[in-house]
Amino acid sequence: GINAEYMGEGGRWKVEWQMGTRQEKKEIKVEETEMKHTIYMYKCEFTVVRISEKVNSIQLVGCKRCDVILHECIANIEMVNCNNIDIQVRGQVPSVSVDKSHDVMIHLSAKSFGTEVISCASTGMNLTLYPEDGSEPQELPIPDQFVHKFTDHQLITTPAEHAD
């Protein structure tokens, strides 16, 4: 695979304008990172990014049909204006932010069961949790539709319930 471009200033790695195809995704390896480094992906399509070491944060902007496979992330993973994204975290990540993005799959190891997922104007999000004991993974849809009710001078918000 191709290696990402290390920018040096502020420990930033850039993966920009990488285009694979539906038949063959482009493979990018990000290696020899440090805990203070950030990974920035911009306008990539049909791309798989593998991050072998622990990094500070990962940001995806305007990406489509991309996979990110990582060891650990200290701060957060952020997606903005993305479609069909698959994130696989083998270790820990405290926070995942999904903004104006659609069809996002987040796979978390048992070490990340405390991860906070923050979403805004996004749809089709799923969280898959992989238990430590190797038992069946649990897939959970993340609500993208809410009911807001004004009751007793308070606004109460709950996820919309859909009959199966």
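Please refer to the structure placed before this passage.
Everything numeric here is computed off the predicted structure, so don't read it as measured data.

Let's talk about the sheet that holds strand β3 (residues 12-16)
- Taking strand neighbours across the sheet as the criterion, the 7 strands line up as β2-β3-β5-β7-β9-β11-β13 in an open arrangement whose pairing is mixed. Of all strands in the sheet, those bounded by a partner on one side alone are β2 (5-6) and β13 (116-120).
- Alignment of β2 against β3, held across 2 bridges, turns out to be antiparallel. Note that in β3 the partner of Y6 across the bridge is W13.

Thoughts on the pairing of strand β11 (residues 95-99)
- For β11, the buried fraction is high: 4 of the 5 residues fall into the buried class.
- Across 5 bridges, strand β9 (residues 73-80) lies against β11 in parallel orientation. Residue pairing in the sheet places E78 in a bridge with S97 of β11.
- Where β11 and β13 come together, 5 bridges link them in parallel fashion. In the strand pairing of β13, S95 is matched with E116.

Comments concerning the pattern of salt bridges
- If you walk through the whole model with that rule in mind, you get 5 salt bridges.
- The shortest N-O distance in the salt bridge between E34 and K36 comes to 3.6 Å.
- Classification of K36 as exposed rests on a relative accessible area of 55%.
- Put simply, K54 and E72 hold a salt bridge, and the shortest N to O gap is 3.2 Å. Within this pair, whereas K54 is found in the loop between β6 (45-51) and β7 (55-61), its partner E72 is found in the loop between β8 (64-70) and β9, the two being separated by 18 residues in sequence.

Procedures and definitions
Along each chain, the written sequence defines residue order, and numbers are assigned to residues from 1. Local features in this predicted model are restricted to residues whose pLDDT is 70 or higher, and side-chain atom pairs enter the listing and the counts only when it is 80 or higher, whereas totals over whole chains, interfaces and linings include all residues. Side-chain numbers here rest on the full set of heavy atoms in the structure, without hydrogens or water. In short, DSSP must find at least two bridges between two strands for them to pair. Per the convention used, a helix needs a DSSP run of H or I reaching at least four residues, while a strand needs a run of E reaching at least two, with both numbered from the N terminus. Note on exposure labels: buried denotes an accessible area under 20% of the residue type's maximum, exposed denotes more than 50%, and partly exposed covers the range between, all computed with a 1.4 Å probe on protein chains only. Throughout this description, the term salt bridge denotes a Lys or Arg side-chain nitrogen within 4 Å of a carboxyl oxygen of Asp or Glu.

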